[in-house]
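Overview (structure and organization)
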Amino acid sequence: MFTNVPSSVGFNKLRKRLLRQARQAIAEFGMVGGGRTPRWLVALSGGKDSYGLLAILLDLKWRGLLPVDLIACNLDQGQPNFPKHILPEFLERNGVPHRIEYQDTYSIVTDKLSENSTYCSLCSRLRRGHLYRIAREEGCDALVLGHHREDILETLFMNLFHGGRLAAMPPKLLNDERDVMVLRPLAFCAEDDLAKFAEAMAFPIIPCDLCGSQDGLQRNAMKAMIADIERRMPGRKEAMIRALTNVRPSHLMDRQIFDFAGLDQLAQPPEEKTK
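Counting from 1, residues in each chain are numbered in the order their sequence is written. Two thresholds apply to this predicted model, a pLDDT of at least 70 for residue-level local features and 80 or more for giving and counting side-chain atom pairs, whereas whole-chain, interface and lining totals are computed over all residues. Hydrogens and water are ignored here; the side-chain numbers use all heavy atoms of the structure.

1. What to know about the overall build of the protein
Helix and strand assignments follow DSSP, with helices taken as H or I runs no shorter than four residues and strands as E runs no shorter than two, numbered in order from the N terminus. When helices and strands are tallied, the protein shows 9 helices and 6 strands. Two residues form a contact once any of their heavy atoms are found within 4.5 Å. When contacts within the protein are restricted to residue pairs at least 6 apart in sequence, those whose partners lie at least 24 apart make up 76%. Accessible surface area values rest on a Shrake-Rupley calculation with a 1.4 Å probe, where residue burial reflects the displayed protein chains alone. Here the protein has roughly 16300 Å² of accessible surface; of this, 52% comes from carbon and sulfur atoms.

Dropping the structure here:
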């Protein structure tokens, strides 16, 4: 996969930065435990982020820094004009163990939602359910997704503005059935870096608009807002991601995670000494 990549200083710095950030996430969130060698199912959609995820994990494994067995998986969801040959050919050409699964969730989504509705949420839930099943069938300990720093920040603001809660995408999450771990090793990686990496690697990108362009999505609004903040105040994205690792429950308002009622009995101030 890396045989014909650029040899420029700029690309080498980009590659090393992505590897370092992925290693940081894997280490800090305990994605690889002790004992037997884990098996990871790497979800591959054909977009820049999932290609980057697969390449970075294979690079770490090649360097002896990731003691994990990897299997790539693409879920063909039946979108019109989906180019079925691209991913199998790419994976076979690069000798990557893989599984291609066909499940027509597109018909389910279009049947249940009106033409003007946003398909992404239901489509994502259906896809995740099938990926959990495939992970079980393949004997995998974890489902690995290509969500990056901007995805996490957009989700934070989506939940803040539209869900009334403080929540984002955790780098490590146990599914509801408690039998498959969900991992996001690219949690510290910038979307711009992944886009540059994908272009340099010449990945055969499959666009995510096969079911029709749906402008005005709430996530697009969050993306634009965060990008505007970064333009006005460079470095804010990094500061916001850092804030998610530095939470002070006593300075928020959630009574379930901090005992505000227990602060009723305040310590009395020390008495003034008599002269």
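2. Description of a nonpolar patch on the surface
Here, patches come from residues exposed beyond 30% relative accessible area and free of salt bridges, joined within 9 Å for like charges and within 5 Å for nonpolar side chains (Val, Leu, Ile, Met, Phe, Trp, Tyr). Any Lys or Arg side-chain nitrogen found within 4 Å of a carboxyl oxygen on Asp or Glu counts as a salt bridge. On the surface, L160, F161, L166, V247 and L252 cluster together into a nonpolar patch covering about 460 Å² of accessible area. Considering the arrangement of structural elements, one finds F161 in helix α6 (residues 149–163).

3. A short note on unusual backbone geometry
Although it is not a glycine, R178 sits at a positive phi angle of roughly 60°. Within the element layout of this structure, R178 appears in the loop between β5 (172–174) and β6 (181–183). Burial here depends on accessible area, computed with a 1.4 Å probe over protein chains only, as a share of the maximum for the residue type. Under 20% is buried, over 50% is exposed, and the range in between is partly exposed. Overall, the relative accessible area of 63% leaves R178 in the exposed class. With a phi close to 55°, A202 is a non-glycine residue in the positive phi region. Along the chain, the position of A202 falls in the loop between α7 (191–201) and α8 (218–232). Owing to a relative accessible area of 62%, A202 belongs among the exposed residues under this scheme.

4. Topic: the packing of aromatic side chains
Here is the rule: rings of Phe, Tyr and Trp (six-membered ring for Trp) pair when centre to centre is within 6.5 Å. Planes less than 30 degrees apart are stacked, more than 60 are edge-to-face, and the remainder are tilted. Applying the stated criterion across every chain, the model contains 9 aromatic pairs. When the ring of F11 is compared with that of F197, the centres are 5.9 Å apart and the planes differ by 0°; the resulting orientation is stacked. Here F11, found in helix α1 (residues 9–28), pairs with F197, found in helix α7; they are 186 residues apart in sequence, far enough to count as distant. Comparing F11 with F197, the two get one shared label, buried. Ring centres 5.0 Å apart and planes at 75° place the aromatic pair Y51 and F90 in the edge-to-face group. Linking Y51 in helix α2 (residues 48–62) with F90 in helix α3 (residues 86–93), this pair joins segments that are 39 residues apart in sequence. You'll find Y51 and F90 in the same group, each marked buried. A network of ring pairs unites the aromatic residues F2, F11, Y51, F90, F197 and F203 as a single cluster.

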